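Examination of the molecular architecture
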Amino acid sequence: MELSEKLSITLPAEMVALIKQQVEAGHYASTSEVLRVAMRAWMRDEEEHAERLTAIRARISRSLADPRPAVSSADVFDRLEAQARRTPIAR
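As the structure is a prediction and not an experimental result, all values here were calculated from the model. (Residues numbered from 1 in each chain as written. Predicted model: local features only at pLDDT ≥ 70, side-chain atom pairs only at ≥ 80, totals over all residues. Heavy atoms only, no water.)

1. Notes on the overall build of the protein chain
Note the cut-off: Helix numbering and strand numbering both begin at the N terminus, where a helix is a DSSP run of H or I of at least 4 residues and a strand a DSSP run of E of at least 2. For each residue, the accessible area found with a 1.4 Å probe, counting protein chains only, is set against the maximum for its type, and the residue is called buried under 20%, exposed over 50%, and partly exposed in between. When charges are tallied, Lys and Arg are placed among the positive residues and Asp and Glu among the negative ones, while His and the ends of the chain are skipped. A charge is said to be at NZ when it belongs to Lys, at CZ for Arg, at CG for Asp and at CD for Glu.
Counting its regular elements, the protein chain contains three helices and zero strands. Secondary structure elements of the protein chain occur, N-terminal to C-terminal, as α-α-α. Once the C-alpha set of the protein chain is aligned to its principal axes, its extents read approximately 65 × 40 × 25 Å. When the 91 residues of the protein chain are sorted by exposure, 2% land in the buried category. Mean positive and mean negative side-chain charge positions of the protein chain (14 and 14 charges, respectively) differ by 7 Å.

If you want it as structure tokens, here you go:
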């Protein structure tokens, strides 16, 4: 069984109007249902954001632990220029 707690919140008039409009249109049974749906979406977004950050941090860690020598931006640019000179231009 899910425990509930009643909250009192303040929202801008535009948000309140939109919530009431959705309930009156029959899209939701109550204002509480609208807010529960919104909270679930927010929680899902937060979880996905946390997962993305974890993946980024893991890639950074792997990159920092990579035993291959670092390549300077100048070296990268030189390599790209050399490759561009070797690649024929399509017409």
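We are not done yet, so read on.
2. Quick notes on helix α3 (residues 73-86)
Put simply, the rule reads: Working rule for helices: expected span equals 1.5 Å times residues minus one.
The terminal C-alpha atoms of α3 lie 20 Å apart, and with 14 residues this matches the ideal 20 Å at 1.5 Å per residue to within 8%. Counted residue by residue, α3 has zero buried out of 14 residues, so it is predominantly exposed.

3. With respect to the pattern of salt bridges
Worth spelling out the cut-off: Basic side-chain nitrogens of Lys or Arg form a salt bridge, by our definition, when they fall within 4 Å of a carboxyl oxygen of Asp or Glu.
Applying the stated criterion across every chain, the model contains one salt bridge. Residue Arg-68 pairs with Asp-66 through a salt bridge whose shortest N-O separation is 2.5 Å. With a relative accessible area of 63%, Arg-68 lands in the exposed category. Overall, the relative accessible area of 27% leaves Asp-66 in the partly exposed class.

4. A closer look at a nonpolar patch on the surface
Stated formally: Note on patches: the residues involved have over 30% relative accessible area and no salt bridge, like charges join within 9 Å, and the nonpolar side chains Val, Leu, Ile, Met, Phe, Trp and Tyr join within 5 Å. Note that accessible areas follow from Shrake-Rupley with a 1.4 Å probe, and for residues the cover is restricted to the protein chains shown.
Residues Leu-7, Ile-9 and Leu-35 make up a contiguous nonpolar surface patch of about 290 Å² in total accessible area. Checked against the element boundaries, Leu-7 lands in the segment before α1 (13-24). When its relative accessible area of 64% is taken as the criterion, Leu-7 is described as exposed.

Remember, this is a structural readout, not a statement about activity or role.
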